[in-house]
Amino acid sequence: RVFDRQEEGQHQVGGTVAYLSKAFGDTNRAVTSVSGIFAKLLSPTQQGRQALDDAGISAEHLQQVISQDGLLGGLELLKERGFADNQQALSALFDDIEARQGIISLLGADVSELNGIFAETKGSAGALADAFATATGTDAFAAKQAIVDLQVALVQLGQELLPLAADLAEVI
């Protein structure tokens, strides 16, 4: 596992997407990049494992660092081991262009800026949960939910009555 706590992983993934969306100017590209980055961190190719080994890191150790210290800890470890300045090693570990462009951007990022974005993302996730809890507790939400429940029941009733109506139409 890359993250020990699901919540921690969610805000770090969200923060990474937010940072790369800002850097790339394209959220779809950022999501594709983040997906590639985490895929290679979770399951590096043989050449990726070799690049890590050459730098004195095992894939398991990198994953452990990320689990304990977050993505920023993993990025710091990659920087310390020379990945930020080694395009060949980066290309071996992140063998698809989208992931490689994202990791290059992250390795070159200002750590305090990344920390700030991660903190904002973590806070906004909590705010969204609070807002949803508040909204679902209102009478207006309850009324809308009752209407939706009624619509679902009517559709189900219609699906059950349709075959009977068809049989009746054949008889008539």
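Residues numbered from 1 in each chain as written. Predicted model: local features only at pLDDT ≥ 70, side-chain atom pairs only at ≥ 80, totals over all residues. Heavy atoms only, no water.

1. A short note on the overall build of the protein
Here is the rule: Only DSSP runs of H or I covering at least 4 residues are called helices, and only runs of E covering at least 2 are called strands; the numbering of each starts at the N terminus. Burial classes follow relative accessibility: with a 1.4 Å probe on protein chains only, a residue under 20% of its type's maximum area counts as buried, one over 50% as exposed, and anything between as partly exposed. By definition, residues are in contact when any of their heavy atoms lie within 4.5 Å. Only the protein chains shown count as cover for residues, with accessible areas throughout obtained via the Shrake-Rupley method and a probe of 1.4 Å.
Counting its regular elements, the protein contains eight helices and zero strands. In the protein, the succession of α and β elements from N to C terminus is α-α-α-α-α-α-α-α. Buried residues in the protein amount to 34% of all 172 residues. The long-range share in the protein, meaning contacts at least 24 apart out of those at least 6 apart in sequence, stands at 64%. For the protein, the accessible area works out to roughly 10200 Å², and carbon and sulfur atoms hold 55% of it.

2. Quick notes on the side chain of Thr 16
Residue position: Thr 16 is located in helix H1 (residues 6-24). For Thr 16, a relative accessible area of 0% gives the class buried. Once you skip the residues sitting within four places of it in the chain, Thr 16 turns out to touch Val 34, Leu 71, Leu 106 and Phe 118.

3. Topic: the packing of aromatic side chains
Short version of the rule: When two rings of Phe, Tyr or Trp (its six-membered ring) have centres within 6.5 Å they constitute a pair, described as stacked for plane angles under 30 degrees, edge-to-face for angles over 60, and tilted for the intermediate range. Geometrically, a charge over a ring is one whose NZ (Lys) or CZ (Arg) sits within 6 Å of the ring centre while staying within 35 degrees of the ring normal.
Scanning all chains against the criterion turns up zero aromatic pairs. One Lys or Arg, Arg 29, reaches over the ring of Phe 24 and ends 4.0 Å from the middle of that ring.

4. Looking at the packing of helix H2 (residues 27-42) against helix H4 (residues 59-80)
Worth spelling out the cut-off: Every axis in this analysis is a line fitted to C-alpha atoms, fitted for helices over the stretch in contact. Angles between the N-to-C directions lie between 0 and 180 degrees. Should an angle fall under 35 degrees it is called roughly parallel, over 145 degrees roughly antiparallel, and 65 to 115 degrees roughly perpendicular, with every other angle called oblique.
The geometry of H2 relative to H4 is characterised by a closest axis approach of 9 Å and an angle of 130° between their N-to-C directions. Judged by the inter-axis angle, H2 sits oblique to H4. Contacts between H2 and H4 pair Phe 38, Leu 41 and Leu 42 from the former with Leu 62, Gln 63, Ile 66 and Leu 71 from the latter.

5. Looking at the pattern of salt bridges
As a reminder of what qualifies: One side-chain nitrogen of Lys or Arg within 4 Å of one carboxyl oxygen of Asp or Glu is enough to make a salt bridge.
Scanning all chains against the criterion turns up three salt bridges. With its nearest N and O atoms 3.1 Å apart, the salt bridge here joins Lys 22 to Glu 113. Note that Lys 22 is positioned in helix H1 and Glu 113 in helix H7 (residues 111-136), a separation of 91 residues in sequence. The partner of Glu 60 in a salt bridge is Arg 49, and the shortest N-O contact between them spans 3.1 Å. Here Glu 60, found in helix H4, pairs with Arg 49, found in helix H3 (residues 46-54); they are 11 residues apart in sequence, far enough to count as distant.

6. Some thoughts on the confidence of the model for the protein
Put simply, the rule is: Confidence per residue, as judged by the predictor, is encoded in pLDDT with a range of 0 to 100.
Averaged over every residue, the pLDDT of the protein is 80; the share at 70 or more is 68%. Across residues 1-6 the pLDDT falls below 50, and counting only partners more than four positions away or on other chains, this stretch makes 15 contacts in the model.

7. Observations regarding the side chain of Ser 33
Mapping Ser 33 onto the fold places it in helix H2. Given the relative accessible area of 0%, Ser 33 is considered buried. Apart from the residues lying within four places of it in its own chain, the contact partners of Ser 33 are Leu 20, Phe 24, Glu 98, Ala 99 and Gly 102.

8. As for the environment of Glu 60
Defined as follows: Contacts described as polar in this section are N or O atom pairs within 3.5 Å, which, within protein, must combine one atom able to donate a hydrogen with one able to accept it, while residues neighboring in sequence count only if both atoms come from side chains.
Since its relative accessible area comes to 46%, Glu 60 is described here as partly exposed. Along the sequence, Glu 60 and Ser 43 sit 17 residues apart, while their C-alpha atoms lie 9.7 Å from each other. Looking at Glu 60, its side chain comes within polar contact range of the side chain of Arg 49, at 3.1 Å.

9. What about H3?
Where we set the bar: The directions considered for the arc are those from the helix axis to the C-beta atoms.
Here H3 has its buried residues at Gly 48, Ala 51 and Leu 52. Projection of H3 onto a plane perpendicular to its axis shows the buried side chains occupying an angular sector of 100°, all on one side. Within H3, the exposed residues directed more than 90 degrees away from the buried face are Gln 46 and Asp 54. Against the buried residues of H3 lie H4 and helix H5 (87-93). Immediately downstream of H3, the backbone of Gly 56 shows phi near 80°, a positive value.

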